[in-house]
Amino acid sequence: MKVEIDGTLCSGHGRCFVLAEDVYRLDDEGYNADRDSIIEVVPGHEAAAELGMRNCPEGAIATVDD
Ligand code: SF4
């Protein structure tokens, strides 16, 4: 599973990290540290990745087809 973080939408709420700290990282300002990137979700962390994705207030996280 891969997810993409849209840097134009990410507004630094940090909810992705709060809900799935094994998947998402924040930078020093509270933005997703992987914005404008595609990240590979470690197997077993798919549910957490989806939880963080669904709860992003900006809809900045989306799955990417392999
Ligand atoms: S929850 Fe969404 S808007 Fe907030 S830091 Fe994560 S990706 Fe960015």
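Residues numbered from 1 in each chain as written. Predicted model: local features only at pLDDT ≥ 70, side-chain atom pairs only at ≥ 80, totals over all residues.

If you check an unreviewed UniProt entry, the chain appears there as Ferredoxin from Rhodococcus rhodochrous. As its UniProt record puts it under Cofactor (unreviewed entry), the chain is described as follows: "[3Fe-4S] cluster". (UniProt positions renumbered as here; feature names shortened; annotations may be inferred.)

Undergrad: Give me the lowdown on the overall build of the chain, citing residues and values where you can.
TA: Secondary structure summary: the chain contains two helices and three strands in total. The order of α-helices and β-strands along the chain, N terminus first, is β-α-β-α-β. Whereas a compact globule of 66 residues would reach a radius of gyration of roughly 11 Å, the chain reaches 10 Å, a difference of no more than 12%. Taking the principal axes of the C-alpha coordinates as reference, the chain spans close to 30 × 20 × 20 Å. Out of the 66 residues in the chain, the part that is buried amounts to 23%. Excluding contacts between residues fewer than 6 apart, the proportion of contacts in the chain whose partners are at least 24 apart in sequence is 71%. (Helix = DSSP H or I, 4+ residues; strand = E, 2+ residues; numbered from the N terminus. Rg over C-alpha atoms; globule rule 2.2 N^0.38 Å. Buried ≥ 20, exposed ≤ 12 C-beta atoms within 10 Å, placed from the backbone. Contact = placed C-beta atoms within 7 Å.)

Undergrad: Give a description of the nonpolar core that names residues and reports values.
TA: In this structure, Val3, Ile5, Cys10, Cys16, Ala20, Val23, Tyr24, Ala49, Met53, Cys56, Ala60 and Ile61 together form the largest nonpolar core, which totals 12 residues. With residues up to four places along the chain from it excluded, the contact list for Cys10 reads Ile5, Tyr31, Asn32, Arg35, Glu58 and Ala60. (Core = buried A, V, L, I, M, F, W, Y, C linked by C-beta atoms within 7 Å.)

Undergrad: I'd love a proper account of the environment of Gly52, names of residues and values included.
TA: Among the structural elements, Gly52 can be located in helix α2 (residues 46–54). Taking the C-beta count within 10 Å as the criterion, Gly52 has 23 such neighbours and is therefore assigned buried. The spatial distance from the C-alpha of Gly52 to the C-alpha of Arg15 is 6.8 Å, given a sequence separation of 37 residues. Not counting residues up to four positions away in its chain, the partners in contact with Gly52 are Cys16, Leu19, Ala20, Val23, Tyr24 and Ile61.

Undergrad: Can you lay out the environment of Glu21 for me, pointing to particular residues and giving the numbers?
TA: Examined against the element boundaries, Glu21 turns out to sit in the loop between α1 (15–19) and β2 (37–40). A C-alpha to C-alpha distance of 15 Å links Glu21 and Arg54, two positions 33 residues apart in sequence.

Undergrad: Can you break down the sheet that holds strand β3 (residues 61–64) residue by residue, with the values?
TA: Across the sheet, which stays open at both edges, the three strands sit in the order β2-β1-β3 with antiparallel pairing between neighbours. What marks the edges here is a single partner per strand, and that holds for β2 and β3. For this sheet, the mean inter-axis angle between neighbouring strands, taken without regard to orientation, is 35 degrees. Relative to β3, strand β1 (residues 2–5) runs antiparallel, the two being bridged by four bridges. If you follow Ile5 over to β3, its bridge partner there is Ile61. (Pairing = 2+ DSSP bridges. Axes fitted to C-alpha atoms, helices over the stretch in contact; angles between N-to-C directions.)

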